Amino acid sequence: MEEVTIGVIGGSGLYQMEGLTDIVEVDLDTPFGKPSDSIVIGTLEGQRVAFLPRHGRGHRILPGELPTRANIYAMKMLGVKWLIAVSACGSLRADYAPGHIVIPDGLFDRTRGRPLTFFGDGIVAHISMADPFCPVLSDVLYKAVKETGATVHKGGNFIVIEGPRFSTRTESHVFRAWGMDIIGMTAVPEAQLAREAEIAYAVMAHVTDYDVWHESEEPVTVEMVIRTLKQNVKHAQEAVRNAVRLLSSQPDLTSPAWDALRDALMTAPEMVPIETRRRLSLLLDKYWKQ
Ligand SMILES: CSC[C@H]1O[C@H](OP(=O)(O)O)[C@H](O)[C@@H]1O
Ligand SMILES: Nc1ncnc2[nH]cnc12
């Protein structure tokens, strides 16, 4: 299988990447099941890039049903080191307006019952999520969006709800009072699974609505999200292209995520059941074979 170092996960409204050439599609199977869809590998800005639509082509998979472990593991199988996530989000503050893009630096988990880890079944690990998004990749994304001329905000607390329903007004007001800036349904567990897989991960969050707290704006609907995204999908595509160019022109960039497991593993290797060892060898052989 060819090595691809840059991955892109497209969210609501971004189901394919424009401008890819020399395309191949791969159907991967992982120890955690099948990813959301085939992964499309193509050349962008002279660089091989792997693209996966998070909800599948035709938007078939609920946020709470996403096979996120398989999606991240599949990216790891391809050799992805930098993973750009594109998401639609609601805004919880007036100055982050629909049409703007946010590169969040904080994450608050309000999901329930999603598979949150690759570990378990005889192996224990505790990764650090103090800074949930890779600062190096976030910086690249910020510059990449800036180049498109879109309004971009660096930093913001991203609250991730279970969905699939949108929030009540009461919840939305509480999230604002907690200091949350944007709201979505998918960055958890993507961010922490990417960290467990030692992949640098950052989100380009496209503000599509003011959720349901605003006094003069209508409460969010799917129609509103899609309408705003349609107007902005060109920016998203251009920003991804810029990010790929910026990454490939700086081959010396490194991410703290790349050794996230160094101090996270608790279990003595010889105590790990053989099946678990096999399942996680892609993530752990670099430590176990030392
Ligand atoms: C279509 S509105 C709700 C939907 O949009 C966001 O999706 P994604 O993060 O994949 O862009 C949000 O998280 C919900 O899944
Ligand atoms: N207001 C909102 N809440 C949750 N997810 C969203 N995705 C887009 N807008 C959203």
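Residues numbered from 1 in each chain as written. Chains lettered and ligands numbered in written order. Predicted model: local features only at pLDDT ≥ 70, side-chain atom pairs only at ≥ 80, totals over all residues. Heavy atoms only, no water.

Naming follows an unreviewed UniProt entry, where the protein chain appears as S-methyl-5'-thioadenosine phosphorylase of Ardenticatena maritima. Per UniProt, the protein chain has the following entry under Sequence similarities (unreviewed entry): "Belongs to the PNP/MTAP phosphorylase family. MTAP subfamily." Database annotation for the protein chain, UniProt heading Catalytic activity (unreviewed entry): "S-methyl-5'-thioadenosine + phosphate = 5-(methylsulfanyl)-alpha-D-ribose 1-phosphate + adenine". (UniProt positions renumbered as here; feature names shortened; annotations may be inferred.)

In the neighbourhood of ligand 2, the contacting residues comprise Ala88, Cys89, Gly90, Phe166, Ile183, Gly184, Met185, Thr208, Asp209, Asp211, Val220 and Val225. Residue Asp209 places a side-chain N or O atom 2.6 Å away from a nitrogen atom belonging to ligand 2. One of the side-chain N or O atoms of Asp211 is found 2.8 Å from a nitrogen atom in ligand 2. Out of a free accessible area of 260 Å², ligand 2 has 94% covered by protein chains. At the level of elements, strand E5 (82–91), strand E10 (182–184) and strand E11 (200–209) are the ones that each hand at least two residues to the shell around ligand 2. (Near = heavy atom within 4 Å. Polar contact = N/O pair within 3.5 Å; in protein donor to acceptor, adjacent residues only side chain to side chain. Areas by Shrake-Rupley, 256 points an atom, 1.4 Å probe, with all protein chains shown as cover. Helix = DSSP H or I, 4+ residues; strand = E, 2+ residues; numbered from the N terminus.)

So, about the environment of Leu62. Along the polypeptide, Leu62 turns up in the loop between strand E4 (47–53) and helix H1 (68–78). With 101 residues separating them in the primary sequence, Leu62 and Gly163 have C-alpha atoms 8.5 Å apart.

What surrounds ligand 1 is the set Gly11, Ser12, Arg54, His55, Pro63, Ser87, Ala88, Phe166, Gly184, Met185, Thr186 and Val225. Within the contact set of ligand 1, an oxygen atom lies 2.8 Å away from a backbone nitrogen or oxygen of Met185. Between an oxygen atom of ligand 1 and a side-chain N or O atom of Thr186, the distance comes to 2.6 Å. Alone, ligand 1 offers 380 Å² of accessible surface; in the complex the protein occludes 91% of this. In terms of residue class, the shell around ligand 1 is made up of five nonpolar, six polar and one charged. (Nonpolar A, V, L, I, M, F, W, Y, C, P; charged D, E, K, R; others polar.)

Moving on, we get to the packing of aromatic side chains. Evaluated as defined, the whole model comprises eight aromatic pairs. With a centroid separation of 5.3 Å and 35 degrees between ring planes, the pair formed by Phe108 and Trp178 is classed as tilted. On the criterion of sequence distance, the pair formed by Phe108 in strand E7 (residues 106–110) and Trp178 in the loop between helix H3 (169–177) and E10 is long-range, its members being 70 residues apart. Aromatic rings pair up to connect Phe32, Tyr73 and Phe118 into one cluster. The residue whose ring lies beneath Arg93 is Tyr96, and the NZ or CZ to ring-centre distance is 4.2 Å. The cationic tip of Lys154 hangs over the ring face of Tyr142; the distance from NZ or CZ to the ring centre is 6.0 Å. (Phe/Tyr/Trp six-rings, centres within 6.5 Å; stacked < 30°, edge-to-face > 60°. Lys NZ or Arg CZ within 6 Å of the ring centre and 35° of its normal.)

The volume enclosed by the largest pocket comes to roughly 480 Å³. Around the largest pocket sit 27 residues that line it, and Ser12, Ala88, Phe166, Met185 and Val225 are the ones nearest its centre. For the lining of the largest pocket, the secondary structure elements donating two or more residues are E5, E10, E11 and helix H5 (222–248). The element that contributes the greatest number of residues to the lining of the largest pocket is E5, accounting for four residues. Among the residues forming the lining of the largest pocket, the class breakdown is 15 nonpolar, nine polar and three charged. Empty space within the second largest pocket amounts to approximately 230 Å³. Looking at the second largest pocket, the residues that line it are Glu3, Lys76, Gly79, Val80, Lys81, Glu198, Trp258, Leu282, Leu283 and Lys286. Within the lining of the second largest pocket, the residues separate by chemical class into four nonpolar, one polar and five charged. (1 Å grid on protein atoms, 1.4 Å probe; cavity = no way out; pocket = protein on both sides within 12 Å on 5 of 7 lines; lining within 4 Å. Points joined across faces, edges and corners; volume = space filled by probe spheres on them.)

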